[in-house]
Amino acid sequence: MAGDFELTMDELRVVARFVAESAQEVLPVFEDAVPGDRRPRAAVDAAWEFVTGAKRTRLQRITSLDAHRAAKEADTEAVRLAARSAGDAASAAYLHPIAQAGQVGHILRATASAARVAELNAGDDPAVGDLLIERARQRATPTLINVLRRYPSAPTARTRVAQLMSTLDAALRASR
């Protein structure tokens, strides 16, 4: 894909894998809270289809939107973030090659959200989130970091998820 820079399907699959791994980790939080709602599971499954070689299709777009709708209906922050991460995983196949800081969210928000879910599940312990951000930094591939560096830095904001995302963004950009 061309835009402000090139972005290949192989690179998109690397990004989608990174996002899907994070969403997969917190999917049980949603499924335990809302056992009959399969929308986030469908989004994660659609993400993995793309990651493993399937063409990106309307399936990723539709399941992403459905998972984000499930997030809006969630009763708690952890459940909302788990569903949103699933939606982010499916939509990663459609990351745009435009040099806008907001695009970084499509790469890192699910991971930051998963870290926040872990914090919440640990009694709102920020050390738990920081540990998961470090683990995500360690599992990031050179290709993922190369793609990330094509975008401006993540915008900083006041929410804990945004803070975690900014921390991860800075750590990845500083990686060699």
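Refer to the preceding data block for the structure.
Once a new chain begins, its residue numbering starts again from 1 and follows that chain's sequence as written. Whole-chain, interface and lining totals are the exception, using all residues; otherwise, since this is a predicted model, local features are given only for residues with pLDDT of at least 70 and side-chain atom pairs are given and counted only at 80 or more. Excluded from the side-chain calculation are hydrogens and water; included are all heavy atoms of the structure.

1. A word on the overall build of the protein chain
This is how the line gets drawn: Note on conventions: DSSP H or I runs of at least 4 residues are helices, E runs of at least 2 residues are strands, and numbering of each starts at the N terminus. We take the radius of gyration over the C-alpha atoms and set the globule estimate at 2.2 Å times the residue count to the 0.38 power. Between buried and exposed lies partly exposed: a residue is buried under 20% and exposed over 50% of the maximum accessible area for its type, with that area taken using a 1.4 Å probe on protein chains only. In what follows, a contact means two residues having at least one pair of non-hydrogen atoms within 4.5 Å. Note on areas: these come from Shrake-Rupley sampling with a 1.4 Å probe, and a residue is covered only by the protein chains present in the view. Only four residue types enter the tally: Lys and Arg on the positive side, Asp and Glu on the negative side; His and the chain ends are excluded. Charge coordinates come from a single atom per side chain, which is NZ of Lys, CZ of Arg, CG of Asp or CD of Glu.
Summing up its helical and strand segments, the protein chain has eight helices and zero strands in all. Start at the N end of the protein chain and walk to the C end: the helices and strands fall as α-α-α-α-α-α-α-α. Taken over the C-alpha trace, the protein chain has a radius of gyration of 15 Å; the compact-globule value for 176 residues is 16 Å, and the two agree within 12%. When each of the 176 residues of the protein chain is scored for burial, the buried share is 47%. Across the protein chain, the fraction of contacts at a sequence separation of at least 24, relative to all contacts at a separation of at least 6, is 75%. As displayed, the protein chain has an accessible area near 8,300 Å², and 52% of this comes from carbon and sulfur atoms. Across the protein chain, the 24 positively charged side chains and the 22 negatively charged ones have centroids separated by 5 Å.

2. As for the packing of aromatic side chains
The line we're drawing: Here a pair means two rings of Phe, Tyr or Trp (six-membered ring of Trp) with centres within 6.5 Å. Their orientation is stacked below 30 degrees between planes, edge-to-face above 60, and tilted elsewhere. Lysine NZ or arginine CZ positioned within 6 Å of the ring centre and within 35 degrees of the ring normal marks a charge as sitting over the ring.
Taken as a whole, this structure holds one aromatic pair when the rule is applied. For Arg61, the ring lying beneath its charged end belongs to Tyr94, and the centroid distance is 3.8 Å. Its guanidinium or amino end placed over the ring of Phe18, Arg139 lies 4.2 Å from that ring's centre, counting from NZ or CZ.

3. Quick notes on helix H6 (residues 126–139)
Test applied: What a helix is expected to span follows from its residue count: subtract one and scale by 1.5 Å. Here the arc refers to the directions that run from the helix axis out to each C-beta atom.
For H6, built from 14 residues, the straight-helix expectation of 20 Å at 1.5 Å per residue is met to within 8% by its first-to-last C-alpha distance of 20 Å. Turning to H6, its buried residues are Gly129, Ile133 and Ala136. Buried residues of H6, seen end-on, are gathered within an arc of 60 degrees and therefore sit on one face of the element. Here the buried face of H6 lies against helix H1 (9–33), helix H5 (104–121) and helix H8 (160–174).

4. Concerning the packing of H1 against helix H4 (residues 77–91)
How we decide: For every element, the axis is a line fit to its C-alpha atoms; helices are fit only across the contacting stretch, and the angle between N-to-C directions ranges from 0 to 180 degrees. Small angles under 35 degrees read as roughly parallel and large ones over 145 as roughly antiparallel, with 65 to 115 read as roughly perpendicular and the rest as oblique. We call a crossing left-handed when the near helix sits turned anticlockwise from the far one by less than a right angle, and right-handed when that turn is clockwise.
In contact at an axis separation of 8 Å, H1 and H4 are set at 140 degrees when each is read in the N-to-C sense. Judged by the inter-axis angle, H1 sits oblique to H4. Considering the relative orientation of H1 and H4, their crossing is left-handed. Across the interface between the two elements, Val19, Ala20, Ala23, Val26, Val29, Phe30 and Ala33 from H1 touch Ala78, Val79, Ala82, Ala83, Ser85, Ala86, Asp88 and Ala89 from H4.

5. Notes on the environment of Ala74
Take Ala74: it is sitting in the loop between helix H3 (58–73) and H4. For the pair Ala74 and Asp88, spaced 14 residues apart in sequence, the C-alpha to C-alpha distance is 16 Å. Among all residues touching Ala74, those that are not within four sequence positions of it are Val79 and Arg80.

6. Observations regarding the side chain of Arg116
We apply this condition: What qualifies as a polar contact is a pair of N or O atoms within 3.5 Å, subject to a donor-acceptor requirement within protein and to the restriction that residues adjacent in sequence count only when both atoms come from side chains.
Residue position: Arg116 is located in helix H5. For Arg116, a relative accessible area of 9% gives the class buried. A polar atom in the side chain of Arg116 sits 3.3 Å from the side chain of Glu77. The contacts of Arg116, once residues within four sequence positions are left out, are Glu77, Leu81, Asp124, Arg160, Val161 and Leu164.

7. Thoughts on the nonpolar core
Stated formally: Only buried Ala, Val, Leu, Ile, Met, Phe, Trp, Tyr and Cys residues count toward a nonpolar core, and they belong to the same one when joined by side-chain atoms within 4.5 Å.
Judged by nonpolar contacts, the single largest core of 55 residues is most densely connected at Val15, Leu95, Ile107, Leu108, Tyr151 and Leu172. Counting residues per element, this core draws most heavily on H1, which supplies 10 residues.

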